[in-house]
Amino acid sequence: MVQVTSLLALWSVSSLAGVALGQTDCPATGTPIIAHSGEPVGKEQVYNDINMYVTGNTSETGVLYLTDVFGIQLAENKLLADSFGRAGYITVAPDMFNGTPAPGDINGQPDFNVTKFLADHSPEATDPIIATAIDFLRTELGVKKVVATGYCFGGRYTFRVLAEGKGVSAGFAAHPSLLEDGEISAITGPASIAAADGDDMTPAARRSAIEALLLETGHPYSLALYGGTQHGFGVRANISDPQQKFGKEEAFFQAIRWFNAWA
């Protein structure tokens, strides 16, 4: 396991797709590269009946942003997608839940049926939506390579689109949930994971098993463990908590470095 301890290590060896790393203002906009609040700057666009959140300028490599169960309707997802856009990657986040994501206060909704929600949005329902987004990136936006970043529910699909013939070159996942062994073993490209030390859905034993499976694939991989974080920190961190804020930002830079190295 890798215990991540400093952003400086990232700053010293990589660039943000042409933009200096760090929480400094982006020269073109005066906006920090990672925006935790404010108005999203992208736009929604429908392609083959699938709604997409599109952000960033034209680039040879495009980011496929795969959300948690709260979907593109969650402001934090749009803002994080915008951050990838400011880092130099045209970014597309498909609406994987057809306008009906899980409620933002999911734990305060006793009538919300998690089992039914997950059944309604199984791989059989979700894979075609993601395939449409990849097609959109290639045919409409003209990218030459696609990389994937996924969070919680979407983290599983980072691995699924790294399988043979799916069209993704490299993948990053923060606190992936429901990830199956076979989906890890089937990857055909580099994969990186950001894990939370307080993630009850992926305890230490499961993290070790995932790491062993990644090693067996023979592909480049990394797994970074962030202290003081819980499941969901990659998107929904409490940024008033220094450890959570650091973890969210560090995980973002982890993804950018990975794409810079392996796209």
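Residues numbered from 1 in each chain as written. Predicted model: local features only at pLDDT ≥ 70, side-chain atom pairs only at ≥ 80, totals over all residues. Heavy atoms only, no water.

Trainee: How would you explain the nonpolar core if you had to name every residue and give the values?
Mentor: Counting 73 residues, the largest nonpolar core has Leu64, Phe84, Phe159, Phe252 and Phe259 as the members making the most contacts within it. Contact partners of Phe259, with chain neighbours within four places excluded, come to Val63, Phe84, Tyr89, Val147, Ala148, Thr149, Ala170, Gly171 and Phe172. (Core = buried A, V, L, I, M, F, W, Y, C linked by side-chain atoms within 4.5 Å. Buried < 20%, exposed > 50% of the residue type's maximum accessible area, 1.4 Å probe, protein only. Contact = heavy atoms within 4.5 Å.)

Trainee: Please provide a residue-by-residue account of empty space enclosed by the protein, values included.
Mentor: This structure, assessed with the given rule, holds 1 cavity of 30 Å³ or more. If you add up the space inside the largest cavity, you get close to 60 Å³. Around the largest cavity, the lining residues are His175, Pro176, Ile193, Ala195, Ala196, Asp199, Thr202, Arg207, Ile210 and Leu223. Looking at the lining of the largest cavity, the elements with two or more residues in it are strand E8 (191–198) and helix H7 (204–217). Among the elements that take part in the lining of the largest cavity, E8 stands out by supplying 3 residues, more than any other. In terms of residue class, the lining of the largest cavity is made up of 6 nonpolar, 2 polar and 2 charged. (1 Å grid on protein atoms, 1.4 Å probe; cavity = no way out; pocket = protein on both sides within 12 Å on 5 of 7 lines; lining within 4 Å. Points joined across faces, edges and corners; volume = space filled by probe spheres on them. Helix = DSSP H or I, 4+ residues; strand = E, 2+ residues; numbered from the N terminus. Nonpolar A, V, L, I, M, F, W, Y, C, P; charged D, E, K, R; others polar.)

Trainee: Please set out helix H2 (residues 75–86) residue by residue, giving values where relevant.
Mentor: For an α-helix, 3.6 residues make a turn, and residues three or four places apart therefore share a direction. Compared with an ideal rise of 1.5 Å per residue, which puts 12 residues at 16 Å, H2 spans 16 Å between its outermost C-alpha atoms and is within 8% of the ideal. Buried residues dominate H2, accounting for 10 of its 12 residues. Of all the residues in H2, the buried ones are Asn77, Lys78, Leu79, Leu80, Ala81, Asp82, Ser83, Phe84, Gly85 and Arg86. A positive phi of about 110° marks Gly88, the residue just after H2. (Expected span 1.5 Å × (residues − 1).)

Trainee: Which residues make up the layout of surface pockets, and what values go with them?
Mentor: Looking at the largest pocket, its volume works out to about 370 Å³. Contributing to the lining of the largest pocket are 16 residues, with Val69, Ile106, Cys152, Met201 and His231 lying nearest its centre. No other element matches the 3 residues that helix H3 (residues 114–120) contributes to the lining of the largest pocket. Taken together, the residues of the lining of the largest pocket sort by class into 11 nonpolar, 4 polar and 1 charged.

Trainee: So what's going on with the pattern of salt bridges? Which residues, and what values?
Mentor: Taken as a whole and judged by the stated rule, the model has 10 salt bridges. One salt bridge connects Arg236 with Asp68, and the closest N-O pair in it is separated by 3.6 Å. Placement of Arg236 in helix H8 (residues 233–236) and of Asp68 in the loop between strand E4 (61–66) and H2 is noted, with a sequence separation of 168 residues between them. For Arg236, a relative accessible area of 35% corresponds to the partly exposed category. Across the pair Lys116 and Asp120 runs a salt bridge, and its minimum N-O distance is 2.8 Å. Taken together, the positions of Lys116 and Asp120, both in helix H3 and 4 residues apart, correspond to about one turn of that helix. Asp120 sits in the partly exposed class, given a relative accessible area of 41%. (Salt bridge = Lys/Arg side-chain N within 4 Å of Asp/Glu carboxyl O.)

Trainee: Tell me about the packing of helix H4 (residues 123–140) against helix H5 (residues 153–160), and name the residues and values.
Mentor: At a minimum axis distance of 11 Å, the contact between H4 and H5 shows a crossing angle of 70°. Of the possible angle classes, the one that applies to H4 and H5 is roughly perpendicular. With respect to the hand of their crossing, H4 and H5 are arranged in right-handed fashion. Two secondary-structure elements touch here, H4 through Pro123, Thr126, Asp127 and Ile130 and H5 through Phe153, Arg156, Tyr157 and Arg160. (Axes fitted to C-alpha atoms, helices over the stretch in contact; angles between N-to-C directions. Parallel < 35°, antiparallel > 145°, perpendicular 65-115°, else oblique. Left-handed = near helix turned anticlockwise from the far one by under 90°.)

Trainee: Provide a residue-level description of the confidence of the model for the protein chain, including the pertinent values.
Mentor: For the protein chain, per-residue confidence averages 90 on the pLDDT scale, and 88% of positions sit at 70 or higher. Contacts from residues 1–29, a stretch scored under 50 in pLDDT, to residues over four places away or in other chains number 65 contacts. (pLDDT = per-residue confidence, 0-100.)

Trainee: Can you explain the packing of aromatic side chains? Please cite residues and give values.
Mentor: Enumeration according to the criterion identifies 14 aromatic pairs in this entry. Pairing Tyr47 with Phe136 gives two aromatic rings, centres 5.1 Å apart and planes at 50°, and the pair type is tilted. Placement of Tyr47 in strand E2 (residues 43–47) and of Phe136 in helix H4 is noted, with a sequence separation of 89 residues between them. For Tyr47, a relative accessible area of 13% corresponds to the buried category. Between Phe112 and Phe117 the ring centres are 5.5 Å apart and the planes differ by 55°, which places this aromatic pair in the tilted class. Judged by its relative accessible area of 7%, Phe117 is buried. In textbook terms, an aromatic cluster arises when at least three aromatic residues are bridged by ring pairs, as seen for Tyr65, Phe84, Tyr89, Tyr151, Phe172, Phe252, Phe253 and Phe259. (Phe/Tyr/Trp six-rings, centres within 6.5 Å; stacked < 30°, edge-to-face > 60°.)

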